[in-house]
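The chain contents come next:
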Amino acid sequence: MSMSRTHMQLIRMAIASRLEHRENIFFQGVLQILNFAFLILFIEIVFSRISTISGWNKEQMQFLGSIAQIISILYSTFLAGGVSYLQEEVRKGTFDFILLKPLDSQLFVSISRFNLVPLMSITGPLLWILYLIVQKEVPIIPERIPFALLLILCGVLIRYSFGLGIAILSFVFTKVSALQSLQTSLFNQSHYPSSIFSGWIKIFLVYVVPVALLANAPTASLTGWFYSFQDAVILLLYTTIAVISCRYLYCMLVAKYTSASS
Amino acid sequence: MKAEITTFKNVLKETAIYRTNTIASFLVVVLPMLFLLLFWNAAFQGRTYIAGFTRPQLFAYYLMILVLQDILMIKINYEVSSDIRSGQLSAYLLRPFHYIRHCFSVFSAVSFNYLLYTLLVIIPIVVIIFPSVFSYNPQLFHGLLSVALGAVIAFLLGMSLSCISFWMEDISSISIGLGLIVPVVSGAFLPLSFFPNWLRSTMELLPFWYTLAFPAEVLCNRLSTTQISHGLLIQVIWVVIGCIVLHLIWSRGKRVYTSYGA
């Protein structure tokens, strides 16, 4: 069996195992749509009292919130499961079995835990974006759609790099779950407009942990609001560095990995 | 009572061992709130009042929510659920103390510990960054009383929901659902005065508002004496209802509970 066929088989198995609990998938999907609905409700209520915040109006905030939600859903669907899987396998001491497989272990852990539940809820933010474009006449720049999609992919990869980067620390430290929750909590705040940050907080949220760019850059690119080519370039560069660093760290720490059974 | 006090002390010692984890867990709660404060800070630019709140009043409200939310939010107790599902409950039922009283000791110790860590972080933030946020509050005693009653309601209803494990194998979806809905209806995202009237009157009928937002508003000195007396009375009613519900669920649950090999 060729490598690509093996990978495809792995993905199929991951999806099949998730589909075993269909009722749970449905319920969790509903909950995630509810989560997005609460974000929209929050923006609706806040903007019923005020007209703009740092130059952003209600529709712009909702568009940004939808893009942030799409990034989060894509990460949860395709890569987050693998990140927690790696952490769990190292903790249990069964990571050896993954290393013995004739596949790249990072690729294996990353793609073998697909979770279709979040993907179902992507309809919420997608429909809302459509509603904003059609009903609220929010303008988008069609020729920038491919670039915006690339920036969304960058957002997903940055989340993956941080997630995996922390998960592989479990090779060295006993308890990294709280650190993982911390980075998730931080990236879940990417639905705020970058213009509300200033000073050292903005520097931190652009260059150190790019929460302020993650959803803002694709939104700005797609709609032209507060568009900054510099921000888009920073996001692209950051993604490249993050993915390479993550791979390097992974190879370095796997080489030092020992378990009770090895 | 001696057994409950010993449990309280033991849990305090146990949480002190994993200090880093406790701090990281606390930061997971703090981060979203800090972003929310930055958001509101931007919203108040050029405005004095939003929904009857000045900037210091709204910041005081959110800081109070931050201090109280982990204790006063109704949530599933995973330890209880796990004890029921794994059969570990049998060992507790044989011991010379009541399981629910034991759980209350654990809840009190964890809450006390959380409060201690939170205040250690919040007090310097308030003194350095927001010195004008808090002032002398003549309703302090009533505020502390409402916190205590809110904690008891949160414990009783959380325990009742956890006891659903007597009938259901997996209650994680209920827990996720609560995690989404409770912050909205308990006033952790927005104070009650922001909501439209019809939603506000519905929320006032539910116990959630009385567990978190009500104590926070009393401590922030935002309610009149009549409103406080009325709120405290409703809290007492919810405590009684919580006791009855928990008693019914616990006694019926024990009847269907089975375990083997313990």
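Rules used throughout
- Residues numbered from 1 in each chain as written.
- Chains lettered and ligands numbered in written order.
- Predicted model: local features only at pLDDT ≥ 70, side-chain atom pairs only at ≥ 80, totals over all residues.
- Helix = DSSP H or I, 4+ residues; strand = E, 2+ residues; numbered from the N terminus.
- Rg over C-alpha atoms; globule rule 2.2 N^0.38 Å.
- Buried ≥ 20, exposed ≤ 12 C-beta atoms within 10 Å, placed from the backbone.
- Contact = placed C-beta atoms within 7 Å.
- Nonpolar A, V, L, I, M, F, W, Y, C, P; charged D, E, K, R; others polar.
- Expected span 1.5 Å × (residues − 1).
- Arc of directions from axis to C-beta.
- Core = buried A, V, L, I, M, F, W, Y, C linked by C-beta atoms within 7 Å.
- Axes fitted to C-alpha atoms, helices over the stretch in contact; angles between N-to-C directions.
- Parallel < 35°, antiparallel > 145°, perpendicular 65-115°, else oblique.
- Left-handed = near helix turned anticlockwise from the far one by under 90°.
- pLDDT = per-residue confidence, 0-100.

Draft legend 1. Up close: the overall build of chain A. Of regular secondary structure, chain A possesses 13 helices and zero strands. Along the chain direction, N to C, the helices and strands of chain A fall in the order α-α-α-α-α-α-α-α-α-α-α-α-α. Against the compact-globule benchmark of 18 Å for 262 residues, chain A has a radius of gyration of 20 Å, which places it among compact chains. Taken along its principal axes, the extent of the C-alpha atoms in chain A is 60 × 45 × 35 Å. Across the 262 residues in chain A, those meeting the buried criterion constitute 39%.

Draft legend 2. Local environment of the overall build of chain B. Check the secondary structure of chain B and you find twelve helices and zero strands. Listing the helices and strands of chain B from first to last along the sequence gives α-α-α-α-α-α-α-α-α-α-α-α. Whereas a compact globule of 262 residues would reach a radius of gyration of roughly 18 Å, chain B reaches 20 Å, a difference of no more than 12%. With the principal axes as the frame, chain B shows a C-alpha extent of 70 × 40 × 35 Å.

Draft legend 3. Layout of the interface of chain A and chain B. In this assembly, 24 residues from chain A lie in contact with 24 residues from chain B. Where the side of chain A that touches chain B is concerned, the elements lending two or more residues are helix H2 (22–47) and helix H9 (177–187) of chain A. For the side of chain A that touches chain B, the element with the highest residue contribution is H2(A), accounting for nine residues. Here the residues of the side of chain A that touches chain B sort into 15 nonpolar, seven polar and two charged.

Draft legend 4. Region of interest: helix H7 (residues 123–134) of chain A. Residues and elements named next belong to chain A. End to end, H7 covers 16 Å across twelve residues, agreeing with the expected 16 Å (1.5 Å per residue, within 8%). What H7 keeps buried is the set Gly124, Pro125 and Ile129. Viewed end-on, H7 has its buried residues packed into an arc of 130°, placing them on one side of the element. Turned more than 90 degrees away from the buried face of H7 sit Leu130 and Val134, all of them exposed.

Draft legend 5. Highlighting the nonpolar core. By size, the foremost hydrophobic cluster in this structure holds 116 residues, and its most contacted members are Ile71(A), Met64(B), Ile65(B), Leu68(B) and Ala216(B). Counting residues per element, this core draws most heavily on helix H3 (residues 58–92) of chain A, at 15 residues. Beyond its immediate sequence surroundings of up to four residues, Ile65(B) is in contact with Ala188(B), Leu212(B) and Ala216(B).

Draft legend 6. Expanded view of the packing of H3(A) against H7(A). All names here are of chain A. Relative to each other, H3 and H7 sit at 155°, their axes nearing to 9 Å. Of the possible angle classes, the one that applies to H3 and H7 is roughly antiparallel. Read as a crossing pair, H3 and H7 show a hand that is left-handed. Where H3 approaches H7, its residues Glu59, Gln62, Phe63, Ser66, Gln69 and Ile70 are matched on the opposing element by Pro125, Trp128, Ile129 and Leu132.

Draft legend 7. Representation of the packing of helix H3 (residues 55–72) of chain B against helix H6 (residues 99–128) of chain B in the model. Residues and elements named next belong to chain B. In contact at an axis separation of 9 Å, H3 and H6 are set at 165° when each is read in the N-to-C sense. Put simply, H3 runs roughly antiparallel to H6. In this structure, H3 meets H6 at a crossing whose hand is right-handed. Taking contact as the criterion, the partners of Leu63, Leu66, Val67, Asp70 and Ile71 in H3 are, on H6, Ser111, Tyr114, Leu115, Thr118, Leu119, Ile122 and Val126. Split by residue class, the contact of H3 with H6 holds nine nonpolar, two polar and one charged.

Draft legend 8. Spotlight on unusual backbone geometry. All names here are of chain A. If you check the backbone angles, serine 54 has positive phi at about 50° while not being a glycine. By secondary structure assignment, the location of serine 54 is in the loop between H2 and H3. Positioned with a positive phi, glutamate 137 is a non-glycine residue whose angle comes to about 55°. Along the chain, glutamate 137 falls in the loop between H7 and helix H8 (145–167).

Draft legend 9. Representation of the environment of Leu157(A) in the model. Residues and elements named next belong to chain A. Considering the arrangement of structural elements, one finds leucine 157 in helix H8. Look at leucine 157 and you get partly exposed, because 18 C-beta atoms sit within 10 Å. Leucine 157 has contacts with Thr239 and Val243, leaving out every residue within four places of it along the chain.

Draft legend 10. Main features of the environment of Ser90(B). Examined against the element boundaries, Ser90(B) turns out to sit in helix H5 (residues 89–93). Using a count of 16 C-beta atoms within 10 Å as the deciding quantity, one classes Ser90(B) as partly exposed.

Draft legend 11. The environment of Trp209(B), seen in detail. Residues and elements named next belong to chain B. By secondary structure assignment, the location of tryptophan 209 is in helix H10 (residues 208–211). With 21 C-beta atoms counted inside 10 Å, the residue tryptophan 209 sits in the buried group. Along the sequence, tryptophan 209 and glutamine 235 sit 26 residues apart, while their C-alpha atoms lie 9.8 Å from each other. Not counting residues up to four positions away in its chain, the partners in contact with tryptophan 209 are Val185, Ser186, Gly187, Leu192, Met203, Glu204 and Phe214.

Draft legend 12. Spotlight on the confidence of the model for chain B. Residue and element names in this part refer to chain B. With 94% of its residues at a pLDDT of at least 70, chain B reaches an overall mean of 86. Model confidence for chain B, summarised as mean pLDDT per element, is weakest for helix H1 (residues 2–17) at 74 and strongest for helix H12 (residues 225–256) at 94. Predicted complex metrics record ipTM = 0.86 and pTM = 0.83.

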